[in-house]
Amino acid sequence: MRLLLFAACVALYCAGADAWFGRVGSAVRSGWDSAREAVGSAVDRTREAVQGAGDMYRAYSDMRESNWRNSDKYFHARGNYDAANRGPGGRWAAEVISDAREGYQGALSGHGEEDTRADQEANRWGRNGGDPNRYRPRGLPNRYR
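Just so we're clear, the structure is a prediction, and the values are computed from it rather than from any experiment.

A word on the environment of glycine 52. Its place among the elements puts glycine 52 in helix H1 (residues 2–66). Counting along the chain gives 45 residues from glycine 52 to isoleucine 97, while the straight-line C-alpha distance between them is 9.8 Å. Residues in contact with glycine 52, not counting those within four places in the same chain, are Ala83, Arg86 and Gly90.

Dropping the structure here:
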């Protein structure tokens, strides 16, 4: 009888341990998968942000190179549009860069508040998926699309 009771206790103990460690193993696997997804997401966002910053720089460079009258808003919208289309990281980069530029422009460069407001409108338009050509001036060479 003692042997039977001992065998039953061992069986219950092992079953409980297996259930416990089985759940722990599952939690560890699940935690590892979650961590891998989080790292992958952070890498994706960082890549998008870097590419988005490149889009913003390309729009700025094109604006300077074109030296086209009244093209400023178009290049603001285009840079934000291109960057935001990269994904959430690109959208974030576009917003940070635009806000920093307009903060500098409004505070230190001597451009008026109205110009800053209009630039921010073009920034938001492009970032929210609006067609940048809304701001494209007539005659701007097709090279700057």
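Right, let's get into the environment of glutamate 121. For glutamate 121, the position within the fold is in helix H4 (residues 113–127). Glutamate 121 sits 48 residues away from lysine 73 along the chain, and the two C-alpha atoms are 8.7 Å apart. Residue contacts for glutamate 121: discarding those within four places in its chain leaves Arg134 and Tyr135.

Applying the stated criterion across every chain, the model contains ten salt bridges. Arginine 143 is the salt-bridge partner of glutamate 65, the closest N and O atoms lying 2.1 Å from each other. A residue pair is termed long-range when its members are at least 10 positions apart, and glutamate 65 in helix H1 and arginine 143 in the segment after H4 qualify at 78 residues. We classify glutamate 65 as partly exposed; its relative accessible area is 46%. A salt bridge links aspartate 72 to lysine 73; the shortest N-O distance between them is 3.4 Å. Salt bridges linked by common partners bring Asp72, Lys73, Asp115 and Asp119 together as one network.

So, about the side chain of arginine 78. Within the fold, arginine 78 resides in helix H2 (residues 72–84). Contact partners of arginine 78, with chain neighbours within four places excluded, come to Arg58, Ala59, Asp62, Pro132, Tyr144 and Arg145.

Formed by Met63, Tyr74, Phe75, Ala77, Ala122, Tyr135, Leu140 and Tyr144, the largest nonpolar core amounts to eight residues. It is H2 that provides the largest number of residues to this core, a total of three residues.

Okay, the packing of H2 against H4 next. Their axes nearest at 7 Å, the elements H2 and H4 cross at an angle of 35°. In this structure, H2 crosses over H4, and the sense of that crossing is right-handed. Where H2 approaches H4, its residues Asp72, Lys73, His76, Ala77, Asn80, Tyr81 and Ala84 are matched on the opposing element by Asp115, Ala118, Asp119, Ala122, Asn123, Gly126 and Arg127.

Reading guide: rules and limits
Residues numbered from 1 in each chain as written. Predicted model: local features only at pLDDT ≥ 70, side-chain atom pairs only at ≥ 80, totals over all residues. Heavy atoms only, no water. Helix = DSSP H or I, 4+ residues; strand = E, 2+ residues; numbered from the N terminus. Contact = heavy atoms within 4.5 Å. Salt bridge = Lys/Arg side-chain N within 4 Å of Asp/Glu carboxyl O. Buried < 20%, exposed > 50% of the residue type's maximum accessible area, 1.4 Å probe, protein only. Core = buried A, V, L, I, M, F, W, Y, C linked by side-chain atoms within 4.5 Å. Axes fitted to C-alpha atoms, helices over the stretch in contact; angles between N-to-C directions. Left-handed = near helix turned anticlockwise from the far one by under 90°.

The values reported here are purely geometric and, on their own, carry no functional implication.
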